[in-house]
Amino acid sequence: MKEFKARASASGKLMTAPRNKSEVLSETTKSYIKEWLIEQIYGFRKEIKSKYIDKGNKLEDTAIDKAIEWLDLDFVMKNEESFEDEFFTGTPDIITNDEILDVKCSWDAYSFPLFDKELPNKDYFYQMQVYMHLTGKKKARVVYVLLNTPEELTWEEKHDYSNMDKKYRIKDFVVEYDAEIIATLQEKVKEARKYIETIIL
């Protein structure tokens, strides 16, 4: 069995605080580790379904293309390369000369973070930290894009955002690299490996 490495997309689960101060890992973290372990034993990954995930998956390439266009990024394409080291693994959406960008597709105007001043999802903060660590970049952006939801994914009233100004359809949040966060995550991975040794069959 291969050694446990944290996926960038799930790194936030490692950072949840345990309820009991005597514990090292939270129940959320332990659940994540168990899911990873089941995946290794049985050879397939747990499939999580929701209309929000379905929209993000279906429109991933379109959202990335729109982010590149609306942010005026020159000579950039979607990244297809995965990165990993001793502790982490991940595949950023976009890599430029000086930063990482990861694109999120909002479900509708009410879930689009139009008025937020700070990154609304803390898990994405940790995801960007891992991406920066793996690629050597010191700056990242989480980019939210608002696109029309395909009709087959919703029974709700269809909303058309296509003629709206792009300032109401794209919002980005800058994340700066923090070496202390990476050090903490690395320790969490080490603790996760110790925990696996206690529950492995």
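Residues numbered from 1 in each chain as written. Predicted model: local features only at pLDDT ≥ 70, side-chain atom pairs only at ≥ 80, totals over all residues. Heavy atoms only, no water.

Asks: Would you explain the overall build of the protein chain in this entry?
Replies: The helix and strand tally for the protein chain stands at six helices and seven strands. Counting from the amino terminus, helix and strand elements in the protein chain follow one another as β-α-α-α-α-β-β-β-β-α-β-β-α. For 201 residues, the compact-globule estimate of 2.2 N^0.38 gives 17 Å, and the protein chain sits close to it at 18 Å. Taken over 201 residues, the protein chain has a buried fraction of 44%. Sequence separation of 24 or more characterises 75% of the internal contacts of the protein chain that already satisfy a separation of 6 or more. By element, 49% of the accessible surface of the protein chain is carried by carbon and sulfur atoms, the whole surface being about 12,200 Å². Computed over 32 positive and 39 negative side-chain charges, the inter-centroid distance for the protein chain is 3 Å. (Helix = DSSP H or I, 4+ residues; strand = E, 2+ residues; numbered from the N terminus. Rg over C-alpha atoms; globule rule 2.2 N^0.38 Å. Buried < 20%, exposed > 50% of the residue type's maximum accessible area, 1.4 Å probe, protein only. Contact = heavy atoms within 4.5 Å. Areas by Shrake-Rupley, 256 points an atom, 1.4 Å probe, with all protein chains shown as cover. Lys, Arg positive; Asp, Glu negative; His and termini not counted. Charge placed at Lys NZ, Arg CZ, Asp CG, Glu CD.)

Asks: Could you clarify how one ought to interpret the pattern of salt bridges in this entry?
Replies: Note on pairing: side chains with opposite charge can pair once their charged atoms come close. Taken as a whole, this structure holds 16 salt bridges when the rule is applied. Between K139 and E99 there is a salt bridge, and its shortest N-O distance comes to 3.9 Å. Of this pair, K139 sits in strand β6 (residues 139–146) while E99 sits in the loop between β4 (94–95) and β5 (100–106); the two residues are 40 residues apart in sequence, bridging distant segments of the chain. Of the residues examined, E99 reaches a relative accessible area of 6% and is grouped as buried. Across the pair D102 and K104 runs a salt bridge whose closest N-O atoms are separated by 2.8 Å. Across this residue pair, the class does not change: D102 and K104 are buried. Overlapping salt bridges bring together E99, K139, R141 and D172 as one network. (Salt bridge = Lys/Arg side-chain N within 4 Å of Asp/Glu carboxyl O.)

Asks: I'm lost on the layout of surface pockets in this one. Help?
Replies: A probe matching the size of a water molecule, rolled over the atoms, marks out where space remains unfilled. Of the pockets and cavities examined, the largest pocket occupies roughly 1,600 Å³. Surrounding the largest pocket, 46 residues form its lining, S9, I53, N57, K104 and Q127 being those nearest its centre. Elements supplying a minimum of two residues to the lining of the largest pocket: α1 (11–14), α2 (27–42), α3 (51–58), α4 (60–70), β3 (88–90), β5 and α5 (122–135). Here the lining of the largest pocket takes six residues from α3, the largest share from any one element. Of the residues belonging to the lining of the largest pocket, the class tally is 17 nonpolar, 13 polar and 16 charged. (1 Å grid on protein atoms, 1.4 Å probe; cavity = no way out; pocket = protein on both sides within 12 Å on 5 of 7 lines; lining within 4 Å. Points joined across faces, edges and corners; volume = space filled by probe spheres on them. Nonpolar A, V, L, I, M, F, W, Y, C, P; charged D, E, K, R; others polar.)

Asks: Is there a simple way to think about the nonpolar core in this case?
Replies: The nonpolar side chains of a soluble globular protein tend to be buried with one another. Core analysis: the biggest nonpolar cluster contains 37 residues, and F4, F88 and L185 have the highest contact counts within it. Of all the elements in the fold, those that place two or more residues in this core are α2, α5, β6, β7 (170–176) and α6 (179–199). If you look at the next biggest cluster of nonpolar residues, it comprises 16 residues, including L59, I64, A67 and W70. (Core = buried A, V, L, I, M, F, W, Y, C linked by side-chain atoms within 4.5 Å.)

Asks: Would you mind going over the sheet that holds strand β2 (residues 83–84) with me for this structure?
Replies: Taking strand neighbours across the sheet as the criterion, the three strands line up as β1-β3-β2 in an open arrangement whose pairing is mixed. Of all strands in the sheet, those with a lone pairing partner are β1 (6–7) and β2, marking the two edges. One ladder, built from two bridges, connects β1 with β3; its direction is parallel. Each residue of the ladder has a partner; that of A6, found in β3, is F88. Strands β2 and β3 of the sheet are contacted by α5, whose axis makes an angle of about 100° with β3. (Pairing = 2+ DSSP bridges. Axes fitted to C-alpha atoms, helices over the stretch in contact; angles between N-to-C directions.)

Asks: Which parts of the structure should I look at to understand the side chain of T96?
Replies: Summarising the element assignment, T96 is placed in the loop between β4 and β5. Reaching out from T96, the side chain makes a polar contact with the side chain of D98 at a distance of 3.1 Å. (Polar contact = N/O pair within 3.5 Å; in protein donor to acceptor, adjacent residues only side chain to side chain.)

What is shown is where atoms sit, not what they do.
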